[in-house]
Amino acid sequence: MATGIAETQAITRYEQVKQYITARIKRGEWKVGQRLPSESELVEITGVSRMTVHRALRELMTEGMVTRAQGVGTFVARPAPRAELLQLHDIADDIIASGHTHHSRVITLDTARADVDLAMSFDQRPGSKLFHSVIVHYEDDTPLQVEERYVSPHFAPDYLNQDFSIAHPHRHLYHIAEPDEIEHVIFAITPSQELQHLLELETPEACLQLVRRTWVQDRIVMKGIFTYPGSRYSLGGRQHM
């Protein structure tokens, strides 16, 4: 290879290309928003095939290290904020902590009747009354999360009277009572047309969907469905054993 990548039996060539690129990003040689060398230039630099370079860039895009604009080039991506699964945070706090501004848009705030799946989620009968909200949270001007919640009216009787563009559901519910038990389930999904529209995705991309249920005094009080574009957000946690 011309520079930067040593021949090795231990890792494949596309992984070597990935390491070559990520090393320069982490060292700050290529900064956030900076355009990377073209595929042809990377072929010349690394001495591998164009197909190998293309695969390396595709995987780095999936991992959130780079972004690609057709006909323009490949750019160093802004690191995605990371949420801790073992703790509950307000999305607004996560965005502000990362140095950005937060605002939200309330899409839906109304009453719903539990279908069979919701009834099972709440251990109630189908047709039971629930409060329902859909809110889009923005990091600066970019949609970062679609938050959908179903809430027990017995737990939060004033839920529909709140201005959730100012007082966020997370804070309102925590003000009533902190949960005794929390359940998290994570899915990788292809967004529906509605989610794609709310998240302002030009084309469908893999999204992370976190489904959360919370219990207070042994009663299920909330089911939340939180959807994030995979290229803009990551979820993780660490637990001491």
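Quick caveat: nothing in here was measured; it's all calculated off a predicted structure. (Residues numbered from 1 in each chain as written. Predicted model: local features only at pLDDT ≥ 70, side-chain atom pairs only at ≥ 80, totals over all residues. Heavy atoms only, no water.)

1. Things to note about the overall build of the chain
In step 1: Broken down by element type, the chain carries 7 helices and 10 strands.
In step 2: Counting only residues that meet the buried cut, the chain has 44% of its 241 residues in that class.
In step 3: The contacts in the chain between residues at least 6 apart in sequence include a share of 59% that link residues at least 24 apart.
In step 4: Counting every atom, the chain has about 13800 Å² of accessible surface; 49% of that belongs to carbon and sulfur. (Helix = DSSP H or I, 4+ residues; strand = E, 2+ residues; numbered from the N terminus. Buried < 20%, exposed > 50% of the residue type's maximum accessible area, 1.4 Å probe, protein only. Contact = heavy atoms within 4.5 Å. Areas by Shrake-Rupley, 256 points an atom, 1.4 Å probe, with all protein chains shown as cover.)

2. Some points on the sheet that holds strand β4 (residues 102-113)
In step 1: As summarised here, the arrangement of the 6 strands in space is β4-β5-β6-β9-β8-β7, forming an open sheet in which the pairing is antiparallel. Where the open sheet ends on each side, the last strands, each with one partner, are β4 and β7 (181-189). For this sheet, the mean angle separating the axes of adjacent strands, direction not counted, is 15°.
In step 2: Here helix α6 (residues 169-176) sits on the sheet in contact with β5 (129-139), β6 (142-151) and β9 (219-229), set at roughly 35° to β6. (Pairing = 2+ DSSP bridges. Axes fitted to C-alpha atoms, helices over the stretch in contact; angles between N-to-C directions.)

3. Comments concerning the side chain of T52
In step 1: Tracing the backbone shows T52 in helix α3 (residues 50-62).
In step 2: In this structure T52 touches R13, Y14 and V17, once residues within four positions along its chain are discounted.

4. Focus: the nonpolar core
In step 1: If you look at the biggest cluster of nonpolar residues, it comprises 15 residues, and the most contacted ones within it are I21, I25, W30, L36, L42 and L57.
In step 2: Secondary-structure elements contributing two or more residues to this core are α1 (13-26) and α3.
In step 3: The element that contributes the greatest number of residues to this core is α1, accounting for 5 residues. (Core = buried A, V, L, I, M, F, W, Y, C linked by side-chain atoms within 4.5 Å.)

5. Quick notes on the pairing of β6
In step 1: In terms of residue burial, β6 counts as a mostly covered element, since 8 of its 10 residues are buried.
In step 2: Sheet topology note: the β5/β6 ladder contains 9 bridges and is antiparallel. Bridged to I135 within β6 is E147.
In step 3: Hairpin remark: β5 followed by β6, antiparallel, with 2 residues in the connecting loop; positive phi at D140, about 60°.
In step 4: Relative to β9, β6 is paired through 6 bridges, and the arrangement is antiparallel. Of the residues in β9, the one forming a bridge with E148 is I225.

6. Overview of helix α2 (residues 39-46)
In step 1: Of the residues making up α2, those classed as buried are E39, L42 and T46. The buried side chains of α2 occupy one side of the element, clustering within an arc of 60° when seen end-on.
In step 2: Where α2 is buried, its residues contact α1, α3 and β1 (66-69).
In step 3: In the segment just after α2, G47 is the residue with positive phi, at about 80°. (Arc of directions from axis to C-beta.)

7. Regarding the pattern of salt bridges
In step 1: Inspection of the entire model under this criterion finds 8 salt bridges.
In step 2: Note that R24 and E29 form a salt bridge whose closest N and O atoms lie 3.9 Å from each other.
In step 3: For the salt bridge of R149 with E147, the shortest nitrogen-to-oxygen distance reads 2.6 Å.
In step 4: Overall, the relative accessible area of 3% leaves E147 in the buried class. (Salt bridge = Lys/Arg side-chain N within 4 Å of Asp/Glu carboxyl O.)

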